[in-house]
Amino acid sequence: MGKKGKTYLLLAVVLGIWGIIGIKILGAVNPKPTEDLHPKMARAFTPQKIKQRDTFAIAANYRDPFLGKVFKKPLPARTPKKHPKKTTPKTPERPVAYTGYIAAGTESDNLYF
């Protein structure tokens with residue numbers, strides 16, 4: 001294969017690569033219309049039954065490896081239900097009296113009393 005043959009072969013490879021790149025760009029710019037992404041439901045929806053899971057509790061009542069003692073959680077002491085105390089609002093010991101007002105410096109209207 002001569003020098004011109006290699007040049008034509010490389011030219012064909014380069015044109016092929018650029019052709020593939022061009023097709024990808026045109027495909028991204030002008031996409032084909034896609035099918036409906038939400039297919040119509042042919043039958044009614046029936047939910048599956050939920051199975052009840054087995055539950056268990058881990059009892060960590062084993063011997064302490066360092067002290068050699070078995071520790072148990074103390075049970076909380078049962079206390080009778082406490083009813084909230086009814087409180088009466090306290091009246092202040094001294095009577096509160098508001099005397100005076102706030103007025104703007106240049107206007108004669110009272111702002112607050």
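Residues numbered from 1 in each chain as written. Predicted model: local features only at pLDDT ≥ 70, side-chain atom pairs only at ≥ 80, totals over all residues. Heavy atoms only, no water.

Attention now moves to the overall build of the chain. Scanning the chain for helices and strands turns up one helix and two strands. Helices and strands in the chain line up, N terminus first, as α-β-β. In the chain, which comprises 113 residues, the share counted as buried stands at 1%. When the accessible surface of the chain is summed, it comes to about 13600 Å², and 62% of that surface belongs to carbon and sulfur atoms. (Helix = DSSP H or I, 4+ residues; strand = E, 2+ residues; numbered from the N terminus. Buried < 20%, exposed > 50% of the residue type's maximum accessible area, 1.4 Å probe, protein only. Areas by Shrake-Rupley, 256 points an atom, 1.4 Å probe, with all protein chains shown as cover.)

Attention now goes to a nonpolar patch on the surface. Residues Met1, Leu9, Val13, Val14, Ile17, Trp18, Ile21, Ile25 and Val29 make up a contiguous nonpolar surface patch of roughly 940 Å² in combined accessible area. Structurally, Trp18 is set in helix 1 (residues 3–29). (Patch = residues over 30% accessible without salt bridge, like charges linked within 9 Å, V, L, I, M, F, W, Y side chains within 5 Å. Salt bridge = Lys/Arg side-chain N within 4 Å of Asp/Glu carboxyl O.)

Bringing the environment of Phe71 into the picture now. By secondary structure assignment, the location of Phe71 is in the loop between helix 1 and strand 1 (102–103). Through-space distance from the C-alpha of Phe71 to that of Ala60 is 9.1 Å; in sequence the pair is 11 residues apart.

Moving on, we get to the confidence of the model for the chain. Chain-level statistics for the chain give a pLDDT mean of 79 and a share of 80% at 70 or above. Mean pLDDT values over the elements of the chain span from 57, in strand 2 (residues 110–112), up to 94, in helix 1. (pLDDT = per-residue confidence, 0-100.)

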